[in-house]
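# A structural walkthrough
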Amino acid sequence: MPSHPGSLIRRILLALRQVFQAAPREAALLLGLLALGGLLPVAVLGLTRTLVDGLARELGRGSLTVDLFWPLAGLALAFALDFLLVPWVAFLQGAVNEKLTARVHLLLMEKAAGLPDLTPFENPSFHDELQVLRDQAPYQPLNLLVFLGNAFRQGITVAGVLGLLFSLAPVFPLLLLAGSLPQALLTFRLQKGVWEALLFGAPEARRMRYFAEALLSPEGAKEVRLYGLLPFFRGRYLEAFWRLHRALWRARGRQALGASGLVLGSTLATALALYLGLRQALLGASGLGSLVLLLQSVGTLQQNLYGLIQDGGMLYESLLYFERLEAFLALPPALAQTASKAVQGFEEIRFENVGFVYPGGRRALEGVSFTIRRGERLALVGENGAGKTTLVKLLLRFYDPTEGRILVDGVDLRELDLDAWRRLVSAVFQDYGRYALTLRENIALGDLEALSDEGRLWEAAKAGGALELLERLGLEALLSKAFGGTELSLGEWQRVALSRAFFRGGELLVLDEPTASLDPKEEAHLYRRFAELSRGRTVLLITHRLGSVQMADRILVLQKGRLVEEGTHEELLGRAGVYAELWRLQAGLYRSDGDALGSGVGA
Ligand SMILES: Nc1ncnc2c1ncn2[C@@H]1O[C@H](COP(=O)(O)OP(=O)(O)OP(=O)(O)O)[C@@H](O)[C@H]1O
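Residues numbered from 1 in each chain as written. Predicted model: local features only at pLDDT ≥ 70, side-chain atom pairs only at ≥ 80, totals over all residues. Heavy atoms only, no water.

Here we come to the overall build of the chain. Along the backbone of the chain there are 22 helices and 10 strands. Scaling as 2.2 N^0.38, a compact globule of 603 residues should have a C-alpha radius of gyration of about 25 Å, whereas the chain reaches 36 Å, well beyond that. For the C-alpha atoms alone, the extent of the chain along its principal axes is close to 120 × 50 × 50 Å. In the chain, the proportion of contacts linking residues at least 24 apart, taken out of those at least 6 apart, comes to 73%. When the accessible surface of the chain is totalled, it reaches about 30,600 Å², and 60% of it is carbon and sulfur. Of note, the chain has its 63 positive side-chain charges centred 7 Å away from the centre of its 62 negative side-chain charges. (Helix = DSSP H or I, 4+ residues; strand = E, 2+ residues; numbered from the N terminus. Rg over C-alpha atoms; globule rule 2.2 N^0.38 Å. Contact = heavy atoms within 4.5 Å. Areas by Shrake-Rupley, 256 points an atom, 1.4 Å probe, with all protein chains shown as cover. Lys, Arg positive; Asp, Glu negative; His and termini not counted. Charge placed at Lys NZ, Arg CZ, Asp CG, Glu CD.)

With that settled, the discussion passes to the sheet that holds strand S5 (residues 411-412). In space, the 4 strands of this open sheet follow the order S2-S1-S4-S5, with antiparallel pairing throughout. For this open sheet the edge positions go to strand S2 (363-373) and S5, each flanked by a neighbour on one side alone. Judged from the 2 bridges that link them, strand S4 (residues 403-408) and S5 form a sheet pairing that is antiparallel. By the bridge assignment, Val-408 is partnered in S5 with Val-411. (Pairing = 2+ DSSP bridges.)

By the criterion of burial, strand S7 (residues 508-512) is predominantly enclosed, with 5 of the 5 residues buried. What you see with S7 is no split at all: Leu-508, Val-510 and Asp-512 on one side and Leu-509 and Leu-511 on the other are buried throughout. Of the pairings in the sheet, the one linking strand S6 (residues 425-428) to S7 comprises 4 bridges and is parallel in character. Its bridge partner being in S7, Ser-426 is matched across the sheet by Leu-509. (Buried < 20%, exposed > 50% of the residue type's maximum accessible area, 1.4 Å probe, protein only.)

Quick look at the layout of surface pockets now. If you add up the space inside the largest pocket, you get close to 860 Å³. Around the largest pocket, the lining is made up of 26 residues, and of these Leu-396, Phe-398, Ala-427, Phe-429 and Tyr-435 lie nearest the centre. Tallied by class, residues from the lining of the largest pocket come to 13 nonpolar, 5 polar and 8 charged. Composition of the lining of the largest pocket by domain shows at least three residues from each of domain 2 (343-424 + 524-566) and domain 3 (428-505). (1 Å grid on protein atoms, 1.4 Å probe; cavity = no way out; pocket = protein on both sides within 12 Å on 5 of 7 lines; lining within 4 Å. Points joined across faces, edges and corners; volume = space filled by probe spheres on them. Nonpolar A, V, L, I, M, F, W, Y, C, P; charged D, E, K, R; others polar. Domains from an automatic or database assignment.)

A packed helix pair is summarised by two numbers, namely the angle formed by the two axes and the spacing between the axes. Packing of helix H3 (residues 66-114) against helix H12 (residues 288-329) brings their axes to within 10 Å, and their N-to-C directions diverge by 30 degrees. Classified by the angle between their axes, H3 and H12 sit roughly parallel to one another. In this structure, H3 meets H12 at a crossing whose hand is left-handed. Counted together, Leu-100, Val-104, Leu-107, Leu-108 and Lys-111 of H3 and Tyr-321, Phe-322, Leu-325, Phe-328 and Leu-329 of H12 form the full contact between these two elements. (Axes fitted to C-alpha atoms, helices over the stretch in contact; angles between N-to-C directions. Parallel < 35°, antiparallel > 145°, perpendicular 65-115°, else oblique. Left-handed = near helix turned anticlockwise from the far one by under 90°.)

The feature "transmembrane region" (unreviewed entry), as given by UniProt, occupies residues 27-47, 68-91, 156-179 and 256-276 in the numbering adopted here. Each end of residues 68-91 is marked by a C-alpha atom, and these two atoms are 36 Å apart; helix forms 100% of the span and strand 0%. (UniProt positions renumbered as here; feature names shortened; annotations may be inferred.)

Most often, soluble globular proteins keep nonpolar side chains buried together rather than apart. Ile-443, Leu-511, Ile-555 and Tyr-579 are the most contacted members of the largest nonpolar core, which totals 45 residues. It is helix H18 (residues 490-504) that contributes the most residues to this core, 7 residues altogether. Counting contributing residues, this core receives three or more from each of domain 2 (343-424 + 524-566) and domain 3 (428-505). Contact partners of Tyr-579, with chain neighbours within four places excluded, come to Val-381, Leu-546, Val-549, Ile-555, Val-557, Glu-565, His-569, Leu-572 and Leu-573. (Core = buried A, V, L, I, M, F, W, Y, C linked by side-chain atoms within 4.5 Å.)

The next point concerns the site of the ligand. Near the ligand there are 15 residues, and of these Glu-122, Arg-362, Lys-388, Thr-389 and Thr-390 occur at the shortest range. One of the side-chain N or O atoms of Asn-384 is found 2.9 Å from an oxygen atom in the ligand. His-544 places a polar side-chain atom, nitrogen or oxygen, 2.9 Å from an oxygen atom of the ligand. Relative to its unbound accessible surface of 630 Å², the ligand loses 72% to contact with the protein. For the shell around the ligand, the leading source of residues is helix H13 (residues 388-395), giving 4 residues. Classifying every residue of the shell around the ligand gives 3 nonpolar, 7 polar and 5 charged. (Near = heavy atom within 4 Å. Polar contact = N/O pair within 3.5 Å; in protein donor to acceptor, adjacent residues only side chain to side chain.)

Structurally, Leu-470 is set in helix H17 (residues 467-473). Separated by 214 residues in sequence, Leu-470 and Ala-256 place their C-alpha atoms 66 Å apart. Dropping the residues within four chain positions of it, Leu-470 is found in contact with Leu-439, Leu-457, Trp-458, Ala-461 and Leu-475.

Quick look at a nonpolar patch on the surface now. A cluster of nonpolar side chains, contributed by Leu-64, Val-66, Phe-69, Trp-70 and Leu-72, occupies part of the molecular surface with about 540 Å² of accessible area. Note that Leu-72 resides in helix H3. (Patch = residues over 30% accessible without salt bridge, like charges linked within 9 Å, V, L, I, M, F, W, Y side chains within 5 Å. Salt bridge = Lys/Arg side-chain N within 4 Å of Asp/Glu carboxyl O.)

Time to look at the domain arrangement of the chain. For the chain, the assigned domains read domain 1 (7-329), domain 2 (343-424 + 524-566) and domain 3 (428-505). Here the C-alpha centre of domain 3 lies 50 Å away from the C-alpha centre of domain 1.

Evaluated as defined, the whole model comprises 14 aromatic pairs. Consider the rings of Trp-88 and Phe-91, whose centres lie 5.5 Å apart with planes at 70 degrees: the pair is edge-to-face. In this pair, Trp-88 and Phe-91 both sit in helix H3, 3 residues apart, roughly one turn of the helix. Ring plane angle 75 degrees and centroid distance 5.1 Å describe the contact between Phe-241 and Trp-242, whose orientation is recorded as edge-to-face. Clustering of aromatic rings is evident, with ring pairs tying together Tyr-210, Phe-211, Phe-232 and Phe-233. The ring of Phe-503 has Arg-456 sitting right over it, with the charged end atom 4.4 Å from the ring centre. (Phe/Tyr/Trp six-rings, centres within 6.5 Å; stacked < 30°, edge-to-face > 60°. Lys NZ or Arg CZ within 6 Å of the ring centre and 35° of its normal.)

With respect to the element layout, Glu-523 can be found in helix H19 (residues 520-528). Look at Glu-523 and you get buried, because its relative accessible area is 10%. Sequence-distant contacts of Glu-523, that is, excluding residues within four places in its chain, are made with Thr-515, Leu-518 and Arg-545.

To continue, consider the UniProt feature "domain: ABC transporter" (unreviewed entry) in the chain. Within the UniProt annotation, "domain: ABC transporter" (unreviewed entry) is assigned to residues 349-585. Structurally, residues 349-585 is divided into 34% helix and 25% strand, and its ends, taken at the C-alpha atoms, are 32 Å apart.

When pLDDT is averaged along the chain, the result is 86, and 94% of the positions lie at 70 or above. Mean pLDDT across the elements of the chain ranges from a minimum in helix H20 (residues 530-533), with 72, to a maximum in strand S1 (residues 348-357), with 96. The low-confidence segment residues 594-603, where pLDDT is below 50, has 14 contacts with residues more than four positions distant or belonging to other chains. (pLDDT = per-residue confidence, 0-100.)

So this is what it looks like as structure tokens:
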């Protein structure tokens, strides 16, 4: 539970703000119905008292007087309303829940995908937070509505019953509260222990979900079977389960023990209240109805106070969820976005002593300087982890360099309007998207405004090697088995990604291992057409297949984050440096006699 009422109220208001922004009319109506629902038990108590007092007066007359009729009619109405409220509260709760859940998802999508850079994703706490918020988004809104609704209704009932008792004598609400409040408060505090264990155990709960997912997901299905991973993941799942279960067991045990310990005090206070009520009635100081009210109030009060505490405890987690959501939405982007210099094209891009250290501390680039001129085809080669992809990420401004600068016609990239800059660029990343959308949409995502331009779609498919695919499946084919469509092979997906990049156009084309999944025939075909495909564009090609880099005007060789060589294929071979060594090794793979130094091999 929140440690002081101020923070509880602040959290409730925060969550309510989201509820009312999602569905203002439905939420107001729901609140009204819940308030009515909370008052009904109070009305029943009051009417019962009147009825019993009337009955005591009329006893023996045998006729139903007006004095008896109205409270009876009131009771009938209260019971009818109580029944009537159930389906309508459920109806409104359902409606608000759907809108609130959609709102939470939309807020998360807009925040996470709307960030201009990737820096926040490097931060483990951002990553964790996003995952928790995403995982819980489907059920926390409903939890909030149910538990907040229940707590609100029960709170009104408790306040109403105490008010009624106060009208009998102030001592009654005081005694009954003294009888039930300590137990309720203790439960409240111990419930906090359970929730803290749950929250503290949250990583365990997430680990459990992860290990279950590893066994259940289609992606893992092949390795799970081949390597016989069931016992391993099952074991890991159980380890996490027992850690969480033990923490919850202890917290719940304390809760039960503490509540039992208070039984004596609670019984004494309640018994005293009832004794006083009975004495008053015997002395004729109050009617029989007041005694009945007192008797009934004990049950109603305890039931609602206890319910209030239970639901309040459940509510705690939902309130925390909405507080975390609010904090997440308020996170500022790491990238300064004050720049707004328009850019419609470029003559040259210059890396000037560029260095980059990932937020986690890993240095990926150091002192890199080179220039790409418009229309040039530049190849970037180097071993795994040399920094090639990182260099592209800086060029697309997913991150800013930590040292040096990137200049576009002399202007720092940081000063250019980011959207305008990115509109000039088209790219195929190593981890390109595979979308459960139609083939048309998958290609047109590169430039959605031209979604219906069939001529361009066919052209792009031809350029990207997806023409045969398009002829076979058609533009409207859904590319997803999960949604009842067609599943593509990895190479086919890569052709679609290439087509998407060609569909976008753009002055600068970045290709990061664009042929990794293509068969040798299509790869050769693509590179043969490369001159034509890249006409009028500046191309930055990252590849490990050195046979394909000969079509580049210039080759940059990265090693451990540093630019170590630069030149044409022939120049670099002549230099007998890193490139020549890589070339020799790769060429050797294609020669049967093991002599890798023969000319023209691998070309
Ligand atoms: N998000 C990241 N956080 C921390 N370090 C990273 C991150 N991404 C990459 N690195 C590290 O930066 C270095 C350069 O990575 P980069 O992906 O740029 O290499 P690469 O040359 O493209 O490699 P490959 O040929 O394997 O694709 C690597 O050592 C890698 O471990």
